[in-house]
Amino acid sequence: MLTVIGRRSLWAIPVLFVIQTSVFLLLNALGDPAVAQLGPRASAAQLQNWRHQHGTDRPLGTRYLEYMGGLVHGDMGVSHQESRRSVTDVLETRLPRTALLGAMAIVIEVVLGLLLGVIAAVRRNTLVDTGVMGVAILGISAPTFVTGLLFLNILAFRFGWFPVGGYGVDAMDHLRHALLPAFTLAITGIATYARVMRAEMLETLRSDYIRTARAKGLSEFRTVVVHAVRNALLPVVTLVGLSLPIIVSGAIISEAIYAWPGLGRLAVESITSRDDPVVMGVVLLSSLGVVIGNLFADIGVAALDPRVRTDG
Amino acid sequence: MRSILRASALCWAVLLLGCKEPPRGPRYRGDGNAHARAGGTLVVHHEADVRGLDPATSYDEVSQIAIKLLFDGLLDYDYELNLIPRIASALPTISEDGKTFTFHLKRGVRFSNGRELVAEDVRWSMEHMLAPSTSSPGVGFFSLLVGLSEFAEGHSPHVSGIRVLDRYTIEFELTAADQTFLNAMAMPFTYPVPRENYAAHPTDVARNPVGAGAYTLEEWEPGVRLIFKRNPRYFEASTPRADRVLYEVNLQRESAFLRFRNGDLDHAHRFTPADRLFLRRSTQWAPYRVEGSGGDIWGLAMNCEMAPFNNVHVRRAVAFAMDRERWSRARNYALRPIGQALPPEIPGYSTTLSSVQSFNRARAREELALAGYPNGIEAPVTMWISEGATGTLYAELAQADLRAIGIKLEIKQVSFSIYLQQTARAHTAQMSLAGWNQDFPSAATFLDILFHSRNARPADAENRAFYRNASVDALLDRARTERDSVLRRNLYEQANEIVTRDAPWAFLFTSIRIEAYQPYVRNYRIHGLWSEFYRDVWLDLPRQRVAMRAAQNPWRNLAALMPFGGL
């Protein structure tokens, strides 16, 4: 097991290296950040001064090596904005907010998804099953920017159940403001889990040991919850790791719609303002999230399936 | 499967069609106080972020909205765009030769840190802004100051043209008469700042502002919000205004407008086309909707040094080919068509120029024939645009208009910085989609910068059409020194007319600002120069705004759902 984890973790290093190198080169291909920052009124002297202050007047290779060298030591550079905050500082402020949103989204999608899947399986071919699967198709097919705006308009603005976007002022307020964006993020997950769980449950409910459990006289509730759900749950658990990349990418849209000041919104802000060091930092964190998600999925599979453990 | 799809469709239908009707008008009303009163928190927003709060360097629109709350200057503009004294006790006296400007300061004006603002502070602030190490984008506006180059090159510790005469009097001397110096002195670059604050915050003064404005910075959460608190030491402290201004940044347009309609935001601006249409048609919001000019011009810049635009008839053909009304419709009437180089509120705008650049396809074809292209132009023309959906829309409109007269337009869409660099380089971009905002309400800020030959440099050109006309140069140079405002206006009008006829740009439109505010927001008007100017706003409803929080109880509409009751 440790070998699997070690091997997968080592793979993460070249993956992150390639991503960072590609983004670094792409950003440089977008033109001079000094021009983007200072605008059309800047004189040649001002542009030169800005480039010198931000170190963008040095050769590309030198800057690349410096950046990668800094990265090894945990230094992600300094923001191009006038405030000149360190990128680490900027990310430290934003990361916990996205983490909160992501954690809430995962909890919501796991709880609701599994619950709906079980209900649909137990009540298969009834109106309940049809209804749940209908909602699941809706959840999978609707993109975040549609569901986000729809929920904001209907659940927040029209019904007033949730705040109409924003971040709130204290801890409880943050949680209240996070509910709807987290739910929006979780929609695809809920639908996916519900469908997978339903399929697994239907398979499990047909197995011999369930028939035996019923024959022993166990109540239907106990048969389903203790025996069927427990076994049907195993393959679903691995999906949690895989949902992390979806959460990370969905956060960009969801945070923008709900004005949630996390990493997703920071990504949009830094790209539009050509704050290249921050863009690099956000990409690094996002790709790290994806790599860790995949790692968890691999570990999950390895833990549950002995063949993977032994074959590597 | 069919039943599942049916259920899915039903869910969509319930969500989309079954909802209860949202409020069409304002949720909260004013208390009906006739007289201004202090108190309350004004909650406003912007879709972008504040980049910095140092008036010497932060020249973007969003930062300036905040800077106008924190700082005040010697001069400013009233809502009719007349220059008025602020920290100066009166408009400056100007010497006979028009080169020397003497300002007298009001006594007793204090920075928010409590120290009195004196003439020495004005000099220090100006020199700080002009110092090369500051990299202020404002330096170019003060290039005529005597002794500026010696100061910039480090040969002199001071700008000799800035002289403190006594504690409350300061004098500026120019190398040549320039009436736009008064406009420059009303720009935020000149706002006095206390030098001790720069000593205390050598690297992050842009995050720790101290000024002599109506508000002080209480809190700044980068990328999220800024909170401004009323400055009790402000020289107009007795004027009633909101106690606090909460400035939320980075709000997406769609959600910002929903929050405004929900009563969470007090002022709304910059809408999606759909929201703009809603606001224009809404009778309930009509009393709280204001419109104003964007103070900008937009058009197609044609490179006069490159074929086929080195032929004036081709340029005129393009100008005639543009169906400006259709452009306006395509943007839900967010644009006001113009066919000249100046927006209507700028002195020098001509009311007699309407037919020179107007939509006339027959005239466009005639001009093409005069240029030697009776059947249109065979070789495609390339137009450079920057990123963004609006630019793409404009490019497509231009493509259709030019196709109708036989010109094939190819679009080259690049990043903003590449666009700026390449269109400012000679013999590079045949045509570009161009826009320009006023720096101050003077024709100089458009005509001088965009069409004077001195700005048609081989690289970093501001005159991106590379247009050269000695008569225009002469008129603009004379206008800059002319002290009589009527004569000055005439000179700019003449220059405007020549430029419009020579058509280095196909002048298309100026933007229309539409904004809305809550009924309890009082004394808000669109300022012709400053975006979202909140300094003088007072709130008629501080008590009910507190009550609004309770009204936002998340469960207040539970009944609306039972059973689909509110749907």
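Notes on the structure follow. (Residues numbered from 1 in each chain as written. Chains lettered and ligands numbered in written order. Predicted model: local features only at pLDDT ≥ 70, side-chain atom pairs only at ≥ 80, totals over all residues. Heavy atoms only, no water.)

Helix and strand counts for chain A stand at 13 helices and 0 strands. Along chain A, from the amino end to the carboxyl end, the secondary structure elements read α-α-α-α-α-α-α-α-α-α-α-α-α. The dimensions of chain A, computed from C-alpha atoms along their principal axes, are 85 × 55 × 30 Å. Per-residue burial for chain A yields a buried fraction of 50% across its 312 residues. Taking as baseline every contact in chain A between residues at least 6 positions apart, the subset at least 24 positions apart corresponds to 72%. When the accessible area of chain A is evaluated, it comes to approximately 14,200 Å², of which 69% is carbon and sulfur surface. Computed over 26 positive and 22 negative side-chain charges, the inter-centroid distance for chain A is 8 Å. (Helix = DSSP H or I, 4+ residues; strand = E, 2+ residues; numbered from the N terminus. Buried < 20%, exposed > 50% of the residue type's maximum accessible area, 1.4 Å probe, protein only. Contact = heavy atoms within 4.5 Å. Areas by Shrake-Rupley, 256 points an atom, 1.4 Å probe, with all protein chains shown as cover. Lys, Arg positive; Asp, Glu negative; His and termini not counted. Charge placed at Lys NZ, Arg CZ, Asp CG, Glu CD.)

Looking now at helix H11 (residues 361-370) of chain B. Residue and element names in this part refer to chain B. Taken together, the buried positions of H11 are Ala364, Glu367 and Leu368. Projected down its long axis, H11 shows its buried positions confined to an angular sector of 100°, all on one face. Each element contacted by the buried residues of H11 is listed here: helix H9 (312-321), strand S15 (377-386) and strand S16 (407-414). Looking one or two places after H11, you find glycine 372, whose phi comes out positive at around 95°. (Arc of directions from axis to C-beta.)

Our next topic: unusual backbone geometry. Residue and element names in this part refer to chain B. The linkage connecting alanine 307 with the following residue, proline 308, adopts the cis geometry, with an omega of 0°. By secondary structure assignment, the location of proline 308 is in the loop between strand S13 (296-302) and H9. Of note in the backbone geometry, leucine 81 takes a positive phi value of approximately 70° without being a glycine. Mapping leucine 81 onto the fold places it in the loop between strand S2 (75-77) and strand S3 (83-85). Judged by its relative accessible area of 16%, leucine 81 is buried.

In this section: the side chain of asparagine 469 of chain B. Residues and elements named next belong to chain B. Relative to the elements of secondary structure, asparagine 469 occurs in the loop between helix H14 (444-451) and helix H15 (470-481). Of the polar contacts made by the side chain of asparagine 469, one reaches the side chain of tyrosine 467; its length is 3.2 Å. When near neighbours in sequence (up to four residues on either side) are disregarded, asparagine 469 contacts Ile498 and Asp502. (Polar contact = N/O pair within 3.5 Å; in protein donor to acceptor, adjacent residues only side chain to side chain.)

Pairs can form between side chains of opposite charge once their charged atoms are near each other. Residues and elements named next belong to chain B. Applying the stated criterion across every chain yields a total of 46 salt bridges over all chains. For glutamate 80, the salt bridge identified is with arginine 525, shortest N-O distance 3.1 Å. Of this pair, glutamate 80 sits in the loop between S2 and S3 while arginine 525 sits in the loop between strand S19 (521-522) and strand S20 (538-539), and the two are 445 residues apart along the sequence. Residue class for arginine 525 comes out partly exposed when judged on its relative accessible area of 39%. Across the pair arginine 480 and aspartate 178 runs a salt bridge, and its minimum N-O distance is 2.9 Å. Of the two residues, arginine 480 sits in helix H15 while aspartate 178 sits in the loop between strand S7 (169-173) and helix H5 (180-184), which places them 302 residues apart along the sequence. Salt bridges here are not isolated pairs; linked through shared partners, they connect Asp72, Arg86, Glu236, Arg241, Arg535 and Asp536. (Salt bridge = Lys/Arg side-chain N within 4 Å of Asp/Glu carboxyl O.)

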